[in-house]
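Each chain, written out:
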Amino acid sequence: MATELVEVEGHIIDSLILAKVLDAIVDAGADYRIVDVDIGRTNVDTSRARIEITADDEDLLATLVAELQRHGANRVGGEDAALVAAATDGVLPERFYSTTNLPTEVRVDGHWRSVENPEMDCAVVVADDGRVRTEPMHRVHAGDRVVVGQDGVRVHPLERLRGASPFEFMASEVSSEKPKELLVAEVAGRVRAGKEAGGKVLAVCGPAVIHTGAGPDLARLVREGWVDVLFAGNGFAAHDIEANVLGTSLGVLLGEGRPIEHGHANHLRAINEVRRRGSIAAAVADGFVTGGVMYECVQRGVPFVLGGSVRDDGPLPDVHTDVVVAVDAMRALVPGIAVALMLASTLHAIATGNILPAGVETYCVDINQAVVTKLADRGSHQALGIVTDVGLFISGLADQLL
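Residues numbered from 1 in each chain as written. Predicted model: local features only at pLDDT ≥ 70, side-chain atom pairs only at ≥ 80, totals over all residues. Heavy atoms only, no water.

Asker: Looking at this structure, how should I read the overall build of the protein chain?
Answerer: Helices and strands together make up the secondary structure of the protein chain, namely 13 helices and 19 strands. A compact globule built from 402 residues would reach a C-alpha radius of gyration of about 21 Å, and the protein chain, at 23 Å, matches this within 12%. The dimensions of the protein chain, computed from C-alpha atoms along their principal axes, are 70 × 50 × 35 Å. Of the contacts formed within the protein chain by residues at least 6 apart in sequence, a portion of 66% connects residues at least 24 apart. In the form shown here, the protein chain has an accessible surface area of approximately 18,500 Å², with 49% of it arising from carbon and sulfur atoms. With 35 positive and 57 negative side-chain charges, the protein chain shows a spacing of 4 Å between the two charge centroids. (Helix = DSSP H or I, 4+ residues; strand = E, 2+ residues; numbered from the N terminus. Rg over C-alpha atoms; globule rule 2.2 N^0.38 Å. Contact = heavy atoms within 4.5 Å. Areas by Shrake-Rupley, 256 points an atom, 1.4 Å probe, with all protein chains shown as cover. Lys, Arg positive; Asp, Glu negative; His and termini not counted. Charge placed at Lys NZ, Arg CZ, Asp CG, Glu CD.)

Asker: For this particular structure, what's the right way to read the pattern of salt bridges?
Answerer: A pair can form between side chains of opposite charge whenever their charged atoms are brought close. Counted under the stated rule, the structure contains 22 salt bridges. One salt bridge connects Glu-273 with Arg-276, and the closest N-O pair in it is separated by 2.9 Å. Linking Glu-273 with Arg-276, this pair stays in helix H7 (residues 266–277), spanning 3 residues, or about one helical turn. Via salt bridges that share partners, Glu-119, Arg-133, Glu-135, Arg-139, Asp-328 and Arg-331 belong to a single interconnected network. (Salt bridge = Lys/Arg side-chain N within 4 Å of Asp/Glu carboxyl O.)

Asker: Quick question: what am I supposed to make of the environment of Thr-321 here?
Answerer: Assignment of secondary structure puts Thr-321 in the loop between strand E16 (304–307) and helix H10 (323–331). Its relative accessible area of 64% is what places Thr-321 among the exposed residues. Sequence separation between Thr-321 and Leu-306 is 15 residues; the distance between their C-alpha atoms is 8.9 Å. (Buried < 20%, exposed > 50% of the residue type's maximum accessible area, 1.4 Å probe, protein only.)

Asker: Explain the sheet that holds strand E11 (residues 153–155) to me, please; I cannot follow it from the model alone.
Answerer: Working definition: the strands of a sheet are paired by backbone hydrogen bonds and lie parallel or antiparallel to each other. In space, the 3 strands of this open sheet follow the order E7-E6-E11, with antiparallel pairing throughout. Edge strands, defined here as strands with exactly one partner in the open sheet, are strand E7 (111–114) and E11. For this sheet, the mean inter-axis angle between neighbouring strands, taken without regard to orientation, is 30°. Alignment of strand E6 (residues 104–108) against E11, held across 3 bridges, turns out to be antiparallel. Among the inter-strand pairings, Glu-105 is bridged to a residue of E11, identified as Arg-154. (Pairing = 2+ DSSP bridges. Axes fitted to C-alpha atoms, helices over the stretch in contact; angles between N-to-C directions.)

Asker: Which parts of the structure should I look at to understand the pairing of strand E10 (residues 145–148)?
Answerer: Here is the key point about a regular strand: its side chains alternate between the two faces of the sheet. As paired strands, strand E5 (residues 82–85) and E10 are joined by 4 bridges and run antiparallel to one another. Residue pairing for E10: Leu-83 is matched across the bridge by Val-147. Here 2 bridges tie strand E8 (residues 123–126) to E10, and the two strands are oriented antiparallel to one another. Within E10, the residue paired with Val-125 across the bridge is Val-146.

Asker: So what exactly am I meant to see when it comes to the packing of aromatic side chains here?
Answerer: Each pair of aromatic rings is reported with the distance of its centres and the angle of its planes. Following the criterion strictly, the structure yields 0 aromatic pairs and no others. In this structure, Arg-154 is placed above the aromatic ring of Trp-112, and the distance from its NZ or CZ to the ring centre is 4.0 Å. (Phe/Tyr/Trp six-rings, centres within 6.5 Å; stacked < 30°, edge-to-face > 60°. Lys NZ or Arg CZ within 6 Å of the ring centre and 35° of its normal.)

Asker: Would you mind going over a nonpolar patch on the surface with me for this structure?
Answerer: A surface patch of nonpolar side chains, about 500 Å² in accessible area, is lined by Ile-13, Val-26, Tyr-32, Ile-34, Val-37 and Ile-39. Of all the elements, strand E2 (residues 31–38) adds the most residues to the nonpolar patch, at 3 residues. (Patch = residues over 30% accessible without salt bridge, like charges linked within 9 Å, V, L, I, M, F, W, Y side chains within 5 Å.)

Asker: Hey, could you run me through unusual backbone geometry in this one?
Answerer: One can expect most non-glycine residues to show negative phi and most peptide bonds to be in trans. Cis geometry marks the peptide bond from Gly-314 to Pro-315, where omega comes out at -15°. Counting through the fold element by element, Pro-315 comes out in the loop between E16 and H10. Look at Ala-344: it is not a glycine, yet its phi comes out positive at around 50°. Its place among the elements puts Ala-344 in the loop between strand E17 (337–343) and helix H11 (347–355). Judged by its relative accessible area of 13%, Ala-344 falls in the buried class.

Asker: Where do I start with the environment of Glu-181 in this structure?
Answerer: By the element assignment, Glu-181 lies in helix H3 (residues 180–196). Owing to a relative accessible area of 71%, Glu-181 belongs among the exposed residues under this scheme. The spatial distance from the C-alpha of Glu-181 to the C-alpha of Leu-397 is 9.4 Å, given a sequence separation of 216 residues.

Asker: For this particular structure, what's the right way to read a negative patch on the surface?
Answerer: Residues Asp-56, Asp-57, Glu-58 and Asp-59 make up a contiguous surface patch of negative charge. By the secondary structure assignment, Asp-59 is in helix H2 (residues 58–68). Accessibility expressed as a relative area gives 60% for Asp-59, which makes it exposed.

Asker: What is the right way to look at the sheet that holds E10 in this model?
Answerer: Reading across from one edge, E5-E10-E8-E9 is the order of the 4 strands in this open sheet, with antiparallel pairing throughout. Lying at the two open borders of the sheet, with one neighbouring strand each, are E5 and strand E9 (132–135). Averaged over neighbouring strand pairs, the angle between their axes works out to 45° when direction is ignored.

Rendered as structure tokens:
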């Protein structure tokens, strides 16, 4: 039998972290024994548990221990992290430590050092000056010291918001049967609190934001300073410009809800005119684009990243057609983000969730219940889902904040 001792500490009882750890052990076919437990007496006290895990196979146990780290359960031991220099640009050493987006520390020369930029599915690189950072595979250079194995690495579990809140309802599975007005008010409160604390608000937008008629409300939020960064694709920006130049979205009149003849080509005509001018900013400068979300971003200097895909029409000249370049451009804007709003977006929301630290409050809004669970399914455990029409949500949010 193979044996490991792990420890988990924090608000592990009311956040159900301990229960998740034990369930994961049993589901993996292993066994456990709680060696020591110290439960806090009040809701502000932390708890700690040491768990001995046994399994028939060492490989199974190693895989399980790595999975438990995603819940904040760390191996007990005082070893430094093992460091191996990368031999080739863009290629990691074997057995490299694959990160979560949870707050992470690495033990170097007997001292625990915080990882500066937690991000999932990356390597951990220790610089010569002792600073520790995550790096995606393609940005690792030959000679970089990369953490390998599980020793000398610990993560801290993600805990739920403390105190009474409408989000207490959301501790279970996502459901459409939630008090929407309360949830919108709560999100508005969290956005306001994040801004007051000096943080930034990120909006990740899908084309449905424009199709549902929410573009003007989102533009108001940008204009009044409630959105600091915007991530989207070619479709969102194209239909936003189409709506403000031609009054349609995918050829449907937004004011009347009916399609117009040959309207299916309207977004192509809008893209073509922006391409003629060279950029969205140039189209704003010469008066072709006079309103909308992209217009307000240009006018206010709000940075945006438009990431492309193989299905894009055009695309707009501002779109990053190289997805690696696009995600690196997004990474550059992540520092300082306190609240992320995923608005009717699947692919861009997942891509953004992959690069956000777990400490960023993340709200995923979509009419499709399956969409709002995808972020959490892919490791963005901090994401809270709100199943509702994105147009109604943005309208309500604008009413709360403006």
